[in-house]
Amino acid sequence: MKIALVLAVVLPFSSLVLAEDVEPEGGIVSAATHELNWVELPESGGIKYANVRGDIVGEGPYEAFVLFPAGKDNPFHYHSEAIPTVVIQGTFYAEIDGERTEYPAGSFYDVPGKKDHYSGCLPGMDCLLFQYQEDRFDLVPQPEE
């Protein structure tokens, strides 16, 4: 019930999102969706990101929106740091230790650092995610299980 209440309050405002380097006095960060700067990750098969704070491909902490094409899968991998994620659109999945979990819009998950897993976006609708990390993003491919 609490999750449904939070979603009922948050989802109507989901078209208003944060934008990079827009921090007026007082620390509030906000901007319209059209102000986000979407960049395609090289050699990613169409994955795009829009930084909110920091830089997902830089050093240090960051917050960013990430857009996965529908049906796009990641290779078996891990991240050096934990990667908390909110699914805003579509259905994302993670397969950890042979157990697959699907995360529809409105879901939150947090994969611990150095935890081998598969992940990706189910076919049918692109997946829009919001991710953040304490240190830089990485995706370290691992040998298939």
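What you see as residue numbers is a count from 1 along each chain, following the sequence as written. In view of the model being predicted, local features appear only for residues whose pLDDT reaches at least 70, and side-chain atom pairs are presented and counted only at 80 or more, with totals across whole chains, interfaces and linings using the full set of residues. Heavy atoms from the whole structure form the basis of all side-chain values; hydrogens and water molecules are not counted.

A. Expanded view of the pattern of salt bridges. Salt-bridge detection follows one rule: a side-chain nitrogen of Lys or Arg within 4 Å of a carboxyl oxygen of Asp or Glu. For the structure on display, the rule yields four salt bridges. Taking the shortest distance from any N to any O, the salt bridge between Arg-136 and Glu-59 comes out at 3.8 Å. Here the residue Arg-136 occupies a position in the loop between strand E12 (127–133) and strand E13 (140–141), and Glu-59 occupies one in the loop between strand E4 (48–53) and strand E5 (62–68), the gap between them amounting to 77 residues. Residue classification places Arg-136 among the partly exposed positions, given a relative accessible area of 32%. Going along the chain from the N terminus, every DSSP run of H or I of four or more residues is numbered as a helix, and every run of E of two or more is numbered as a strand. Three exposure classes are used, based on accessible area relative to the maximum for each residue type with a 1.4 Å probe and protein chains only: buried under 20%, partly exposed in between, and exposed over 50%.

B. Structural view of the sheet that holds strand E10 (residues 108–111). Strands pair, by our definition, only if DSSP identifies at least two bridges between them. Read from one edge of the open sheet, six strands run E3-E4-E5-E12-E7-E10, paired in antiparallel fashion. The sheet terminates laterally at strand E3 (39–40) and E10, the two strands that pair on one side only.

C. The pairing of E12, seen in detail. Most of E12 is tucked away: six of the seven residues are buried. One ladder, built from seven bridges, connects E5 with E12; its direction is antiparallel. Note that in E12 the partner of Ala-64 across the bridge is Gln-131. Direction of pairing for strand E7 (residues 83–89) relative to E12: antiparallel, over a ladder of four bridges. Each residue of the ladder has a partner; that of Val-86, found in E12, is Phe-130.

D. Representation of the sheet that holds strand E11 (residues 118–121). Taken in spatial order, the three strands of this open sheet run E9-E8-E11, and their pairing is antiparallel. Bordering the open sheet on either side are strand E9 (99–104) and E11, each of which pairs with just one other strand. Each neighbouring strand pair of the sheet contributes to a mean axis angle of 15 degrees, computed without reference to strand direction. Of the pairings in the sheet, the one linking strand E8 (residues 91–96) to E11 comprises four bridges and is antiparallel in character. Bridging from a neighbouring strand, Ala-94 pairs with Ser-119 of E11. Axis geometry follows a simple rule: fit a line to the C-alpha atoms, using only the stretch in contact for helices, then measure angles between N-to-C directions, giving values from 0 to 180 degrees.

E. Representation of the environment of Phe-130. For Phe-130, the location among the structural elements is in strand E12. A residue is classified by how much of its surface remains accessible, and Phe-130, at 16% relative accessible area, is buried. Taking C-alpha positions, Phe-130 is 7.4 Å from Glu-63, a pair spaced 67 residues apart along the chain.

No statement about biological role is implied by the geometric values presented.
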